[in-house]
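Chain by chain, the residues:
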Amino acid sequence: MTVTYSVEGMTCGHCVNSVSGEVGAIDGVTSVSVDLKAGTVTLSSTAPIAVDAVAKAVDEAGYRLVA
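Let us look at the structure shown here. Given the structure is predicted, the values throughout are model-derived calculations rather than measurements.

As for the state of the cysteines
Argument step 1. Enumeration according to the criterion identifies 0 disulfides in this entry.
Argument step 2. The thiol of C12 is not disulfide-bonded; the next cysteine sulfur, from C15, is found 3.4 Å away.
Argument step 3. Judged by its relative accessible area of 3%, C15 is buried.

Overview of the environment of G9
Argument step 1. If you trace the backbone, G9 turns up in the loop between β1 (2-8) and α1 (13-24).
Argument step 2. Residues G9 and L65 lie 56 residues apart in sequence; the distance between their C-alpha atoms is 9.2 Å.
Argument step 3. In contact with G9, not counting residues within four places along its chain, are C15 and Y63.

Some points on the side chain of S18
Argument step 1. Assignment of secondary structure puts S18 in helix α1.
Argument step 2. Accessibility expressed as a relative area gives 18% for S18, which makes it buried.
Argument step 3. Beyond its immediate stretch of four places on either side in the chain, S18 contacts A61 and Y63.

What counts as what
Residues numbered from 1 in each chain as written. Predicted model: local features only at pLDDT ≥ 70, side-chain atom pairs only at ≥ 80, totals over all residues. Heavy atoms only, no water. Disulfide = S-S within 2.5 Å. Buried < 20%, exposed > 50% of the residue type's maximum accessible area, 1.4 Å probe, protein only. Helix = DSSP H or I, 4+ residues; strand = E, 2+ residues; numbered from the N terminus. Contact = heavy atoms within 4.5 Å.

Pasting the structure below:
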């Protein structure tokens, strides 16, 4: 399963690394791709991941998931 979310506040490579690391640590996530220019994070997982879990991980990285 692959899902893409919009993330607000990312401006540099450090942002990409922070979001990738936090989202990648969610149980069940198998891959993470962050597109800085588009302001998105795409994750693949073995099962559906709750939006709240993704939002919390993005928040931990210092950014905000956009609804």
